[in-house]
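Structural overview
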Amino acid sequence: MSLNTDLIRQHAAEINIEHAVFNALDCTVLSRQKLDVFVLIHKIDTWSNVIIKKSSTNRVTINVACLFLTDFLIDAELFWARNESGILNSGFWTEQLSNGNLLHFEALACISAGQPILIIKNVAQVFAQQQRTLQAARETLISNETLQQQVDDTHQRINETISTDSDDMQMLKTISNTIDKATFGIMVLNHKLNPILQNPLNYRLFQLKDPGQGGTETPISIIFDLMKKQYPEYQRIFESATQWHGELYWLAAPHYVKWLKVSIYPIKDTLGKVTHWVLYINDISRIKHLLQHNEKLAHYDSLTQLPNRQLFWSIVEQNCMHQEPFYLLYIDIDNFKFINENYGHAEGDELLIIIAQRLQKLLKKEDVICRIGGDEFAVILKNVNGNNSDKSCMAIAQRVLTEVNIPYKVQHKDQLLITASIGVVHFPDDSNNPDLLVKYADLATYNAKLTGKSDIKFYSQELQQKTAQRISLENALREAINNDEFEVLLQPIMDIASGKIIKAEALVRWQSPDAGRIMPNDFIPLAEETGLIIPLGKLVFKHVCRHIKLLQQLGYHHKVSVNLSPKQIYDNSFSPFVYHTLTEYDVPPEQIEFEITESSLANNFEVVLNTLQQLKKGGVSISVDDFGTGYSSLAYLKRLPVDYLKIDRSFIIGIANDGGDQAIVSAVIVMAHSLKLKVIAEGVENVEQLKCLTEMNCDAVQGYLFSRPVDLNKFTDFLQDNSK
Ligand SMILES: [Mg+2]
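This text gives an overview of the structure that appears in the document. (Residues numbered from 1 in each chain as written. Predicted model: local features only at pLDDT ≥ 70, side-chain atom pairs only at ≥ 80, totals over all residues.)

**Observations concerning the overall build of the chain**
- On a plain count of helices and strands, the chain comes out with 28 helices and 28 strands.
- In terms of overall size, the chain is more extended than a compact globule, its C-alpha atoms giving a radius of gyration of 36 Å where 724 residues would be expected to give roughly 27 Å.
- Overall size of the chain, expressed as C-alpha extent along the three principal axes, is 130 × 70 × 45 Å.
- Split into buried and exposed, the 724 residues of the chain put 34% on the buried side. (Helix = DSSP H or I, 4+ residues; strand = E, 2+ residues; numbered from the N terminus. Rg over C-alpha atoms; globule rule 2.2 N^0.38 Å. Buried ≥ 20, exposed ≤ 12 C-beta atoms within 10 Å, placed from the backbone.)

**Focus on helix 4 (residues 67-82)**
- Taking 1.5 Å per residue, 16 residues should reach 22 Å; helix 4 reaches 24 Å between its end C-alpha atoms and fits that length.
- Within helix 4, the axis deviates most sharply at Ile 74, by approximately 25°.
- Those residues of helix 4 that are buried lie in contact with helix 3 (48-51), strand 4 (59-62), strand 5 (88-96), strand 6 (102-112) and strand 7 (115-122).
- Directly beyond the C-terminal end of helix 4, a positive phi value near 55° is found at Asn 83. (Expected span 1.5 Å × (residues − 1). Bend = angle between axes of the 7 residues up to and from the residue. Contact = placed C-beta atoms within 7 Å.)

**Some details on the sheet that holds strand 11 (residues 256-268)**
- Here five strands make up an open sheet; going across it, the order is 9-8-12-11-10 and the pairing antiparallel. Each edge of the open sheet is held by one strand with a lone partner, namely strand 9 (195-198) and strand 10 (244-252). Put simply, the sheet's adjacent strands are angled 25° from each other on average, direction ignored.
- Both strand 10 and strand 11 contribute to a ladder of nine bridges, which runs antiparallel. Bridging from a neighbouring strand, Tyr 249 pairs with Trp 259 of strand 11. (Pairing = 2+ DSSP bridges. Axes fitted to C-alpha atoms, helices over the stretch in contact; angles between N-to-C directions.)

**Looking at unusual backbone geometry**
- In this structure, the amide linkage connecting Phe 427 to the following residue, Pro 428, adopts the cis form with an omega of 5°.
- Although it is not a glycine, Asp 626 sits at a positive phi angle of roughly 50°.
- Its location among the elements puts Asp 626 in strand 25 (residues 621-627).

**Observations concerning the packing of helix 13 (residues 336-343) against helix 14 (residues 345-362)**
- Relative orientation of the contacting elements helix 13 and helix 14 amounts to 135°, with a least axis distance of 6 Å. Relative to helix 14, the element helix 13 is oriented oblique. Packed against helix 13, whose contacting residues are Phe 336, Ile 339, Asn 340 and Tyr 343, the element helix 14 presents His 345, Glu 347, Gly 348 and Leu 351 at the interface.
- Among the residues making up the contact of helix 13 with helix 14, the classes are represented as four nonpolar, three polar and one charged. (Parallel < 35°, antiparallel > 145°, perpendicular 65-115°, else oblique. Nonpolar A, V, L, I, M, F, W, Y, C, P; charged D, E, K, R; others polar.)

**Brief notes about helix 21 (residues 574-585)**
- In this model, helix 21 (12 residues) spans 16 Å end to end at C-alpha, consistent with the 16 Å of a helix rising 1.5 Å per residue.
- Taken together, the buried positions of helix 21 are Phe 574, Ser 575, Val 578 and Leu 582. Projected down its long axis, helix 21 shows its buried positions confined to an angular sector of 105°, all on one face. Relative to its buried face, helix 21 has exposed residues pointing more than 90 degrees away, namely Pro 576, His 580, Thr 583 and Glu 584.
- Along its buried surface, helix 21 packs onto helix 19 (533-553), helix 20 (566-570) and helix 23 (605-617).
- In the segment just after helix 21, Asp 586 is the residue with positive phi, at about 55°. (Arc of directions from axis to C-beta.)

**So, the packing of helix 16 (residues 434-450) against helix 17 (residues 461-483)**
- Where helix 16 meets helix 17, the axes come as close as 10 Å, and the angle between the chain directions of the two elements is 60°. It follows that helix 16 is oblique to helix 17 by the angle criterion. When the axes of helix 16 and helix 17 are compared, the crossing they make is left-handed. Counted together, Leu 443, Ala 444 and Asn 447 of helix 16 and Leu 463, Gln 464 and Thr 467 of helix 17 form the full contact between these two elements.
- A class-by-class count of the residues in the contact of helix 16 with helix 17 yields three nonpolar, three polar and no charged. (Left-handed = near helix turned anticlockwise from the far one by under 90°.)

**Thoughts on the pairing of strand 6**
- Pairing analysis gives seven bridges linking strand 5 to strand 6, with the strands arranged antiparallel. Its bridge partner being in strand 6, Asn 89 is matched across the sheet by Leu 108.
- Taken together, strand 5 and the strand that follows it, strand 6, pair antiparallel across an intervening segment of five residues, in which Gly 100 is found at a positive phi of about 90°.
- In this structure, the hairpin formed by strand 6 and strand 7 is closed by a connection of two residues, where Ala 113 is found at a positive phi of approximately 50°.

**Structural notes on the sheet that holds strand 15 (residues 376-382)**
- The strand order 14-15-13-18-19 describes an open sheet built from five strands, whose pairing is mixed. Of all strands in the sheet, those bounded by a partner on one side alone are strand 14 (368-373) and strand 19 (456-458). Averaged over all adjacent pairs, the angle separating strand axes in this sheet is 20°, with direction ignored.
- For strand 13 (residues 326-333) and strand 15, the ladder comprises seven bridges, and the chain directions are antiparallel. By the bridge assignment for strand 15, Asp 332 is matched with Glu 376.
- Sitting on the sheet, helix 12 (residues 309-321) is in contact with strand 13, strand 14, strand 15 and strand 18 (420-427), with an inclination near 130° to strand 14.

**As for the nonpolar core**
- Within the largest apolar cluster, 53 residues are counted, with the highest numbers of intra-cluster contacts made by Leu 645, Ile 647, Val 679, Ala 681 and Val 701.
- Ranked by the residues each element gives to this core, the list is headed by helix 19, at five residues.
- With near-sequence residues (within four places) excluded, Ala 681 lies in contact with Ile 647, Ile 652, Leu 693, Cys 698 and Val 701.
- Leu 359, Cys 393, Val 425 and Ala 448 belong to the second largest nonpolar core, which has 46 residues in total. (Core = buried A, V, L, I, M, F, W, Y, C linked by C-beta atoms within 7 Å.)

**Things to note about the pairing of strand 13**
- The element strand 13 is largely enclosed, with a buried count of eight among its eight residues.
- Burial of the side chains of strand 13 extends over both faces: Phe 326, Leu 328, Tyr 330 and Asp 332 are buried on one face and Tyr 327, Leu 329, Ile 331 and Ile 333 on the other.
- Of the pairings in the sheet, the one linking strand 13 to strand 18 comprises eight bridges and is antiparallel in character. By the bridge assignment for strand 18, Ile 333 is matched with Ala 420.

**Regarding the environment of Val 560**
- Within the fold, Val 560 resides in strand 23 (residues 559-564).
- Judged by C-beta crowding, with 23 C-beta atoms within 10 Å, Val 560 ranks as buried.
- Non-local contacts of Val 560, meaning those with residues more than four positions away in its chain, are made with Leu 490, Lys 503, Ala 504, Ala 506, Val 544, His 547, Ile 548, Gln 591 and Ile 592.

Function cannot be inferred from these measures alone, as they are strictly geometric.
Here's what the structure looks like:
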């Protein structure tokens, strides 16, 4: 504030006050005599009549039309009555003159030498300056968005170059051309986080000498150091290969201050393994400087008007300091990038505003909701009731998900659906350290996203251990795919009528050099979640083709059925890959069957239908696996190009003595036959079961009664025995 209040306070008590000073400060100064009556100490002629009215010689009252000032006087009366030191400030207000012009004022109440004083100041200049600051800040915010757009565009080019250029030297040359022209810092790091390329701007940003000119500090060492201190989730970002955007505050001794906006992107190979990291660093000190001149902009998000990350931090810290228990919820909107990319940033912004409003409506007055990142919100929940507060907190989190899930009407779409993932921590149960709380909330959210999104996860130590195990298992699995540590076993499927092996199901095992044989249940779900099922599925398919080829050489032309995961069905490249590989290994498509689980039919039927039709066209056959465990409608089954139903083992176990199972299996067989489908019973373990199935007219059986899944050599032995 440019008003030199100390000066005024000191002088206002004196009768022979320096009028010149008040004139210079554009202030009218009044001394309070009694309620609503003042003595005029100094008057600015040009505008005082708008504010005050003369009541008698030298006595004035406040114009009752000045509602804001009248209101302020109520507080001022209390302030004067308390006889406190200091100054009570009204904040800015505006009055309109009869000619339509606007005047901006500020009122101050203070006590000087026991006398209540009211100062009214014309703040036209300050107001104009503040407006300019606001305007500049808004413009800078917009230019900040433009910066982000430039970062996104540049990143797309770099990503394409790194992902497609196998020649390292050529790749570096192409990128080097791109980044030299950039107006912000860009660094390309290898997977060990060592820079292999960066533009000189990085060194200038950190006031460092150019590389090779000495000094142990480098731009990347400073950035990592700042991240460690300012972002507790730092480690997790790199361990889990996640994209990250954030702001770093850099204070270089003795007095050099910078704000940096940093974006970090992992670049992955086809197996999802990180080969490089790319960092983009923008100096946003100017915008921060402008923002800090305006408290509202410094602490509140300009889009949603919610407290921003800075204010969020200080609220968390304060709450921890006051030892008041609270829950911290991180709410992360799922697939928000998709919305921005497909509907544009303006629509994305509009959605964020609606989400913020919906969340605000849900929460109590004492709860705090903040926008802490692009598509991340945080909620601090206090006074969560009762002994079972986790349960109450869960109920609130569920309400948040429900609220977010309500379809959105945006410009280009009437029914846009959005989901969110929520991570929850409790102070002080999970930690009494604000840094750790935030780190744990991030970890819990990360886990919520892993389990298929639209989920809520509470932090626990167990969750932390599981995350670490999962990350290491994921890396091991990636390596295993890279090194092909997999073996494909075959389990015979017998025709009941002839007793002959008609085909085999391919079942994968992981032969880890460290952990030994790992069963599918322990790695297939992870492969599904991480998308590694795509390269793994292709690897398995190649194994199967090799097996078929070897069997052909021995004179066997049996069909092999291969399990297909839902992700593979949705992968456009799968069908072309299949036929390319069949040609490569010279395997006729008639020797391949794909098994799809009943549950994968439930989602997006048209896509499934399309993929299956494409596969089928080439000559492979299709079976529905684990039949009976899902809810496939007969109408769907009729439309799908399916050849076999495989009845789930859970119905076969009790078939010899459970009337219910018998009825179901028998009905499924009749139904399948009427749809011209053949039936395979899975998990047949004893002769009683086989007898029942034979009586029910089942076509084929598979299970331990005949053979476990075996390696290729054993399988050929079976074939040999079986063909006798
Ligand atoms: Mg199967």
